[in-house]
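Descriptive structure summary
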Amino acid sequence: MEKTIVKSDFNFSGQKAVYKGKVRDVYNINDKYLAMVVSDRISAFDVILPKGIPFKGQVLNQIAAKFLDATADIVPNWKVASPDPNVTIGHKCEPFAVEMVVRGYLTGSSWRLYRDGGREICGIKLPEGMREHQKFEQPIITPTTKAEIGTHDENISREDIIKHGIVSAEDYAKLEEYTLALFKRGSEIAAKMGLILVDTKYEFGKKDGQIYLIDEIHTPDSSRYFYAEGYEERFAKGEQQKQLSKEFVREWLMDNGFQGKAGQQVPEMTDDIINQISTRYIELYENIVGEKFQPADTSHLNDRIFNNVENYIKSNLLK
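Attention in this report is confined to the structure presented alongside it. The model shown is predicted, which means the values in this text are computed figures rather than measured ones.

1. Concerning helix α8 (residues 301–317)
Taking 1.5 Å of rise per residue, 17 residues should cover 24 Å, and α8 covers 23 Å from first to last C-alpha, within 8% of that figure. Turning to α8, its buried residues number three or more, namely Leu 301, Arg 304, Ile 305, Val 309, Glu 310, Tyr 312, Ile 313 and Leu 317. Tucked inside the fold, the buried residues of α8 contact β2 (24–29), β3 (33–38), β6 (79–84) and β7 (87–91).

Now the structure itself:
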């Protein structure tokens, strides 16, 4: 089996600090740049699973890099370079304390709320008579507060974001404008691939008074896609849609009695299961990007990442 990166303990030139998230390890370079190492860790139900998935980090990093490049004319983004298949280096920004979730369809948590009688989400009124996976007349923005470690993101309305001073009214208007424009571009790109971009999230930050798009975009970990072919037929019959997301991982866990609840054990991740998940992530890449996946050499993965990033930092950021 290919080597995976599930932890990193790099010490790059100019390094000031490191933040380790569920999947990404983010290295602060001279308080001006961030080197985001996308690991092969995989999480579901807010739990990091015990084994890494070969090429998952490369898949996520390269999808995000391609979409950052494809949307740079809409809003400036944090990306400066991707010196390694698993790494993006970019500007260090001060993040806004909200995530901009945008939904084109009544699916997932919004459907569950609606099914249980809710007719309002984040201050937005929802019409009667909608069905699961139905397209909204216009995409809706349902922001969430960015969770502290160990807690869940919480839905919040536009009015409360502004009222509580989380984001200024002027900045929030720009975030909404950028969010809808990015979703429109992402939907157009997806359509060319025979896909529907169902919902996704964007994160933004500020640097020198300028708003930047930060973090990943349009990856299967941050977005939900449907296959366009057969969507209408399945919707008409009330059938589940064919999805392109990491939902298959959650389904495997649920089928084996795990939903992240107290006392539950993560099922054994056999080599066969790990390879199946890796294969699915590669399929996700090829469907979303429309290109053949080119697996990088993983024989000395940590050394490769360190050398590529360190050489870039010394040659371009510390001059």
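2. Let's talk about the side chain of Arg 103
Here Arg 103 lies in strand β9 (residues 98–105). For the buried Arg 103, which has no salt bridge, the nearest side chain bearing the opposite charge is Asp 199, at an N-O separation of 4.2 Å. Here the side chain of Arg 103 touches Thr 142 through a polar contact of 2.9 Å, side chain to side chain. Not counting residues within four places of it along the chain, the set of residues in contact with Arg 103 comprises Ser 109, Ser 110, Ile 121, Phe 136, Pro 139, Ile 140, Thr 142, Phe 183, Val 198 and Asp 199.

3. Regarding empty space enclosed by the protein
Left-over empty space is what a probe sized like a water molecule reveals as it rolls over the atoms. Under the definition given, this model contains two cavities of 30 Å³ or more. Approximately 70 Å³ is the volume attributed to the largest cavity. Around the largest cavity sit Arg 24, Met 36, Val 38, Leu 60, Asn 61, Ala 64, Ala 65, Leu 68, Trp 78, Thr 88, Asp 215 and Glu 216, which together line it. If you list the elements that add at least two residues to the lining of the largest cavity, you get β3 and α1 (56–70). Element by element, the count of residues in the lining of the largest cavity is highest for α1, at five residues. Partitioning the lining of the largest cavity into residue classes produces seven nonpolar, two polar and three charged. Approximately 40 Å³ is the volume attributed to the second largest cavity. Contributing to the lining of the second largest cavity are Asp 40, Phe 55, Gln 58, Asn 86, Ala 296, Thr 298, Leu 301 and Arg 304.

4. So, the layout of surface pockets
Empty space within the second largest pocket amounts to approximately 280 Å³. As for the second largest pocket, its lining consists of 16 residues, and the residues nearest its centre are Lys 135, Pro 139, Phe 183, Ser 187 and Leu 197. Across the lining of the second largest pocket, the residue classes break down as nine nonpolar, three polar and four charged.

5. Details of the pattern of salt bridges
If you walk through the whole model with that rule in mind, you get 24 salt bridges. The closest approach of N and O atoms between Arg 119 and Glu 128, which form a salt bridge, is 3.1 Å. Between Glu 286 and Lys 292 there is a salt bridge, with its nearest N and O atoms 3.8 Å apart. Classification of Lys 292 as exposed rests on a relative accessible area of 61%.

Reading the values: the criteria
- Residues numbered from 1 in each chain as written.
- Predicted model: local features only at pLDDT ≥ 70, side-chain atom pairs only at ≥ 80, totals over all residues.
- Heavy atoms only, no water.
- Helix = DSSP H or I, 4+ residues; strand = E, 2+ residues; numbered from the N terminus.
- Expected span 1.5 Å × (residues − 1).
- Buried < 20%, exposed > 50% of the residue type's maximum accessible area, 1.4 Å probe, protein only.
- Contact = heavy atoms within 4.5 Å.
- Lys, Arg positive; Asp, Glu negative; His and termini not counted.
- Salt bridge = Lys/Arg side-chain N within 4 Å of Asp/Glu carboxyl O.
- Polar contact = N/O pair within 3.5 Å; in protein donor to acceptor, adjacent residues only side chain to side chain.
- 1 Å grid on protein atoms, 1.4 Å probe; cavity = no way out; pocket = protein on both sides within 12 Å on 5 of 7 lines; lining within 4 Å.
- Points joined across faces, edges and corners; volume = space filled by probe spheres on them.
- Nonpolar A, V, L, I, M, F, W, Y, C, P; charged D, E, K, R; others polar.

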